[in-house]
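Here's the letter readout for the chains.
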Amino acid sequence: MAKNLVLIGFMGTGKSTAGRQCARILDRPFLDTDALLVERAGKPIPQIFAEDGEAAFRDWERRIVAEVASQGDKVISTGGGAMLNPDNARVIRASSCVVLLTAKTFAIMRRVGDRRNRPMLANVSDPYSHVVELGAKRSPFYELSADALVDTTDRPVDEVVQEILAWYEQITARQAHHEEV
Ligand code: S3P
């Protein structure tokens, strides 16, 4: 069973778009932790935050991450807050090659245009500064868990996907070599 390819990183870095395309090329199932969560909870993310609170969302997220990480041969994209929980980081690292997607703040702002879908940004007066601050707080967590980093700012998805797949090949080859010796 091959290791999963897991994409992590901040909101609006293109994890779902690139993940879906990586899965198609690798001919593997694609799982999006946010999409699974919405399916299981039976309501959209902003409604979960509003009715049940962020803690309930994080609890759903933790259970779904544990479930998907325990499988192999998958391409998985994670919600932007998932890697902040050490339990999530641990189970993902144990079963997966982890590629961190990054983007400059202006590119993130462009991609998360409709903030109503992203409760972490919905009620802030200065979303640009908030993204900068939150990004600075979260970067060390992302970096700690990542095997490789791919910047997606102003780059076509195809190019980003090729770079992710090249890393995936390199990391799995390196890990296989370590397991042999
Ligand atoms: C969140 C990011 C979102 C989603 C939720 C919380 C976060 O996922 O999980 O709104 O804490 O950064 P995306 O990174 O796919 O937007």
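S.K.: Explain the packing of aromatic side chains to me, please; I cannot follow it from the model alone.
M.R.: Given two aromatic rings, their pairing is described by the distance between the two centres and the angle made by the two planes. In the structure shown here, the tally under the stated rule is one aromatic pair. The interplanar angle of 45° and the centroid separation of 4.9 Å between the aromatic rings of phenylalanine 49 and phenylalanine 57 together place this pair among those described as tilted. The ring centre of tryptophan 60 lies 4.9 Å from the NZ or CZ of arginine 63, which sits over that ring.

S.K.: I'm lost on the site of the ligand in this one. Help?
M.R.: If you check the shell around the ligand, you find 13 residues, and the closest are Lys15, Asp34, Arg58, Gly80 and Arg138. Between the ligand and arginine 58 there is a distance of 2.7 Å, counted from an oxygen atom to a side-chain nitrogen or oxygen. Within the complex, the protein chains bury 95% of what would otherwise be the 390 Å² of accessible surface of the ligand. Contributions of two or more residues to the shell around the ligand are made by helix H4 (54-69) and helix H7 (119-122). A breakdown of the residues in the shell around the ligand according to their chemical character gives five nonpolar, three polar and five charged.

S.K.: Would you mind showing me how to read the packing of helix H1 (residues 15-26) against helix H9 (residues 157-180) here?
M.R.: Helix-helix packing: each pair is described by the crossing angle between the helix axes and the interaxial distance. Where H1 contacts H9, the two axes come as close as 9 Å, and the packing angle between them is 60°. Between H1 and H9, the interaxial angle falls into the category oblique. Along this stretch, H1 crosses H9, giving a crossing that reads as right-handed. Only Val157, Asp158, Val160, Val161, Gln162, Ile164, Leu165 and Tyr168 of H9 make contact with H1, whose side of the interface consists of Thr17, Ala18, Gln21, Cys22, Ile25 and Leu26.

The rules we used
Residues numbered from 1 in each chain as written. Predicted model: local features only at pLDDT ≥ 70, side-chain atom pairs only at ≥ 80, totals over all residues. Heavy atoms only, no water. Phe/Tyr/Trp six-rings, centres within 6.5 Å; stacked < 30°, edge-to-face > 60°. Lys NZ or Arg CZ within 6 Å of the ring centre and 35° of its normal. Near = heavy atom within 4 Å. Polar contact = N/O pair within 3.5 Å; in protein donor to acceptor, adjacent residues only side chain to side chain. Areas by Shrake-Rupley, 256 points an atom, 1.4 Å probe, with all protein chains shown as cover. Helix = DSSP H or I, 4+ residues; strand = E, 2+ residues; numbered from the N terminus. Nonpolar A, V, L, I, M, F, W, Y, C, P; charged D, E, K, R; others polar. Axes fitted to C-alpha atoms, helices over the stretch in contact; angles between N-to-C directions. Parallel < 35°, antiparallel > 145°, perpendicular 65-115°, else oblique. Left-handed = near helix turned anticlockwise from the far one by under 90°. Contact = heavy atoms within 4.5 Å.

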